[in-house]
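# Analysis of the macromolecular model
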Amino acid sequence: MDILANKRIILAVTGGIAAYKSAELVRRLRRCGAEVQVVMTQAAAEFVTPLTFQALSGRPVRTELFDTDAEAAMGHIELARWADAILVAPCSANTLAKLAQGLADDLLTTLCLASDAPLAIAPAMNRLMWSNPATRSNLDLLQTRDVQIFGPGDGDQACGETGEGRMLEPEELADKLEAIFKHHTLAGQRVTITAGPTCEAIDPVRFISNRSSGKMGFALAAAATEAGADVTLISGPVQLETPAGVRRIDVISATEMLKAVMANITTTDIFIACAAVADYRLQTPATSKLKKNAEELQLGLIKNPDILAEVAALPEAPFTLGFAAETEDLKKNAQAKLRAKGIDMIAANQVGHKQGFDTDHNALEVFWQSGQHSLPQASKYKLARALIKLLADQYDSKSKTVHKTENINDQNP
Ligand code: C5P
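Residues numbered from 1 in each chain as written. Predicted model: local features only at pLDDT ≥ 70, side-chain atom pairs only at ≥ 80, totals over all residues. Heavy atoms only, no water.

With that settled, the discussion passes to the overall build of the protein chain. When its secondary structure is counted, the protein chain shows 14 helices and 19 strands. By principal-axis analysis of the C-alpha atoms, the protein chain measures approximately 80 × 70 × 35 Å. By the burial criterion, 49% of the 413 residues in the protein chain qualify as buried. Long-range contacts, defined as pairs at least 24 residues apart, comprise 66% of the intrachain contacts of the protein chain with a sequence gap of at least 6. (Helix = DSSP H or I, 4+ residues; strand = E, 2+ residues; numbered from the N terminus. Buried < 20%, exposed > 50% of the residue type's maximum accessible area, 1.4 Å probe, protein only. Contact = heavy atoms within 4.5 Å.)

In structure tokens form, the structure reads like this:
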């Protein structure tokens, strides 16, 4: 699987002859497994019809800010939140100027302003428009705001001139878009993640489990891989595709999960316990299917091992991040769990009211010994990226402290 797989991309097309190349870009992104929502300005629709983009993206193209039908399906703010990245390709001099000034007079510019997703532009214009001081200063402004500028290339232009201002080719744009999702904050680190529910057998056909979908753990595996880590994902039974580049080990019960974790722990630098491990299991599951003869059935349950606490208690424990799903007193309970389990960080979320389990969105309060940070409501993938960044910071400062202490001890034998 590709790094762009399942990424939600808004491809914003403005009015320029290079718009025809964006049709091929949609195909490429789709082939990589990305979901692509095309948004066009009115001028763009003069060059390529929305129908072409609709056929290639598999989604109706959005062109109007005030389209009641389209807004009823997904409002523009919702669409802005939906995106994992926005790429404006081709980006005309006009749209580039509007983005620099923060205008929001059409759907495209409104989305760019209303989204916190990374924004990239692929300028395409006549060479003199490109080198005009107005365009240059707009570009400088965008760069100071971390807008990524893809290209432009040099060569023959549709207007008959030769010079800088050609939109990059679809292949180059797809590569650069992929690079947006990669960073190096966990380069070379070995990360083990547990995810999903565990299933505890009652008899050969029945089990005790919970509603965990595994989405958060899988999103963390993708985000850690994008941060350069070498990721092992130990998952209970879920209906999810393995993220690109991740080594996956499937387990069913808590006992199996513990065994798989311990088999990998000596080669783990960071352990993330995201699984919703069943707290109890049957002492002795029935070997044949239970009959429903009796009016009452008593199931003798015993406590499962606490995988995270066992890992944290190891003499050479890796850096540990746990999760806490709380219905009340989130901060108090999460901090108590951080201490009780002896872990480095904990990410807590409120559960209930359709929040937390089996949803695509969530919000997290993250705590560590000397600090805390709120990650507001976002898609699990966006949350995972933000959480991996926080984790990398804490991991880094802990490693530095350990290193410093080791140096002091070396100097004072
Ligand atoms: O104690 P509680 O179940 O609330 O703790 C939740 C955290 O501990 C999660 O990170 C979960 O993955 C981990 N856990 C575990 N093994 C268990 C129970 C929870 O690793 N048996």
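This brings us to the sheet that holds strand β16 (residues 319–326). In space, the eight strands of this open sheet follow the order β12-β11-β8-β13-β16-β17-β18-β19, with mixed pairing throughout. Strands with a single pairing partner mark the edges of an open sheet, and in this sheet they are β12 (247–250) and β19 (371–379). Adjacent strand axes in the sheet meet at a mean angle of 15° when their direction is disregarded. Note: β16 against strand β17 (residues 345–350), six bridges, orientation parallel. Paired with G322 across the two strands is I346, which belongs to β17. Sheet strands touched by helix α13 (residues 330–341): β16, β17, β18 (361–368) and β19. Its angle to β17, the strand with the most contacts, is close to 150°. (Pairing = 2+ DSSP bridges. Axes fitted to C-alpha atoms, helices over the stretch in contact; angles between N-to-C directions.)

Our focus in this paragraph is the pattern of salt bridges. Charged atoms that come close allow side chains of opposite charge to pair. With the rule as written, the count across this model stands at 21 salt bridges. The shortest N-O distance in the salt bridge between R190 and D269 comes to 3.1 Å. Taken together, the positions of R190 in strand β8 (residues 190–195) and D269 in the loop between α11 (254–264) and β13 (270–273) put the pair 79 residues apart, joining distant regions of the chain. It is possible to trace a salt-bridge network through shared partners that takes in E24, R27, R28 and R31. (Salt bridge = Lys/Arg side-chain N within 4 Å of Asp/Glu carboxyl O.)

Lining the immediate surroundings of the ligand are A273, C274, A275, V277, P305, D306, I307, L308, G322, F323, K337 and K341. Here the ligand loses 83% of its free accessible area of 440 Å² to cover by the protein chains. Only α12 (307–312), β16 and α13 provide two or more residues apiece to the shell around the ligand. Classifying every residue of the shell around the ligand by side-chain character gives eight nonpolar, one polar and three charged. (Near = heavy atom within 4 Å. Areas by Shrake-Rupley, 256 points an atom, 1.4 Å probe, with all protein chains shown as cover. Nonpolar A, V, L, I, M, F, W, Y, C, P; charged D, E, K, R; others polar.)

This part covers the environment of Q148. Looking at where Q148 falls in the secondary structure, it is placed in strand β5 (residues 148–149). Spatially, the C-alpha atom of Q148 lies 27 Å from that of V246, the residues being 98 residues apart in sequence. Those residues within four positions of Q148 in sequence are excluded, and the remaining contacts are L119, A120, I121 and I180.

Under the domain assignment, the protein chain is made up of domain 1 (8–180) and domain 2 (190–288 + 297–411). Look at where the C-alpha atoms of domain 1 and domain 2 centre, and you get two points 38 Å apart. With eight residues of domain 1 at the interface, the matching set in domain 2 holds four residues. For the pairing of domain 1 and domain 2, the buried interface totals around 430 Å² over both sides, and the portion due to carbon and sulfur atoms is 36%. The largest share of the area that domain 1 buries against domain 2 comes from R8, R81 and D84, three residues that together contribute 68% of it. (Domains from an automatic or database assignment. Buried area = accessible area lost by both parts, 1.4 Å probe.)

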